[in-house]
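Single-letter residue listing:
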Amino acid sequence: MELEAYVLAARLEEIAAANTRLQNMTSERYLLVHSDEKEASRRGRPKAGLGLRVLDTWTGTERETSTLSGGETFTASLALALGLADVVTQEASGRPLGTLFIDEGFGTLDEQNLQDVMDVLDQLRAGNRTVGIVSHVPELSRRIPSQPNVKKHRDGSTLRPRTGADL
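Residues numbered from 1 in each chain as written. Predicted model: local features only at pLDDT ≥ 70, side-chain atom pairs only at ≥ 80, totals over all residues. Heavy atoms only, no water.

Draft legend 1. Representation of the side chain of Arg 129 in the model. Turning to its location among the elements, Arg 129 is positioned in the loop between helix H4 (111-126) and strand E7 (130-134). On the basis of relative accessible area, Arg 129 is assigned to the buried category, the value being 16%. (Helix = DSSP H or I, 4+ residues; strand = E, 2+ residues; numbered from the N terminus. Buried < 20%, exposed > 50% of the residue type's maximum accessible area, 1.4 Å probe, protein only.)

Following this line, the structure appears as structure tokens:
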């Protein structure tokens, strides 16, 4: 394994620690597992050390991340993003990333997964982090207390805050 790939693989191991959140968002079903398997790079050369696989703890089988459904992919990606934010926080002497924006993807979740994901995001908010969500899922309108409402017009857009009273 090349030095660059080794360093990146070590970082990937740290980010894969996002499994705690992933398990919370998937009813303890999935874990991300670092894979050392060789995969072809875009240039056709084999690359080792930079793969992720998914362990389905309900069935005990390990599989490629490409086999996840849309909602499962969104959840795994969100867990990885949160894991990356944790690594950046550690590298910045504990100074947290205070804001996280998530653009769509919630429509791919079933009712239970949506509840699980929102519980994790609520924990972030309770820890004084700001979580911005861009979505058209009606359940989120009922669950999120403070929302900007963007109205499109021919000459531009206007922004009006919405609160629980407006919903």
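Resuming the write-up.
Draft legend 2. Looking closely at the sheet that holds strand E5 (residues 61-64). Overall, antiparallel pairing links the three strands, which are arranged E1-E4-E5 in an open sheet. The sheet terminates laterally at strand E1 (30-35) and E5, the two strands that pair on one side only. When the angles between neighbouring strand axes are averaged without regard to direction, this sheet yields 35°. The sheet contact formed by strand E4 (residues 51-56) and E5 spans four bridges and is antiparallel. (Pairing = 2+ DSSP bridges. Axes fitted to C-alpha atoms, helices over the stretch in contact; angles between N-to-C directions.)

Draft legend 3. Fine view of the nonpolar core. Ranked by internal contacts, the top residues of the largest apolar core, which has 27 residues, are Leu 78, Ile 102, Phe 106, Val 117 and Leu 121. When residues of this core are assigned to their parent elements, the largest contribution, six residues, is made by H4. (Core = buried A, V, L, I, M, F, W, Y, C linked by side-chain atoms within 4.5 Å.)

Draft legend 4. Broad picture of the packing of helix H3 (residues 70-91) against H4. Interaxial distance between H3 and H4 falls to 12 Å at its minimum, and their mutual angle equals 15°. Here H4 runs roughly parallel to H3, going by the angle between their axes. In terms of crossing hand, the pair formed by H3 and H4 is left-handed. Residues Phe 74, Thr 75, Leu 78 and Leu 82 of H3 form the contact with H4, whose participating residues are Val 117, Val 120, Leu 121 and Leu 124. Taken together, the residues of the contact of H3 with H4 break down into seven nonpolar, one polar and no charged. (Parallel < 35°, antiparallel > 145°, perpendicular 65-115°, else oblique. Left-handed = near helix turned anticlockwise from the far one by under 90°. Contact = heavy atoms within 4.5 Å. Nonpolar A, V, L, I, M, F, W, Y, C, P; charged D, E, K, R; others polar.)

Draft legend 5. The pairing of strand E6 (residues 99-103), seen in detail. Here E6 shows a clear split, with Leu 100 and Ile 102 buried on one side and none of Thr 99, Phe 101 and Asp 103 buried on the other. Running through H4, the crossover from E6 to the neighbouring parallel element E7 is right-handed. (Right-handed = clockwise from strand over helix to strand, strands pointing away.)

Draft legend 6. Inspection of the pattern of salt bridges at higher detail. Per the stated rule, a full pass over the model turns up nine salt bridges. A salt bridge links Arg 142 to Glu 139, with the nearest nitrogen and oxygen atoms 3.3 Å apart. You can see Arg 142 and its partner Glu 139 sitting in helix H5 (residues 138-143), three residues apart, about one turn around the helix. Exposure remark for Glu 139: the relative accessible area of 33% places this residue in the partly exposed category. Each of the salt bridges in this network shares a partner with another, and the network as a whole consists of Arg 29, Asp 56, Arg 63 and Glu 72. (Salt bridge = Lys/Arg side-chain N within 4 Å of Asp/Glu carboxyl O.)

The values are spatial; any link to function lies outside them.
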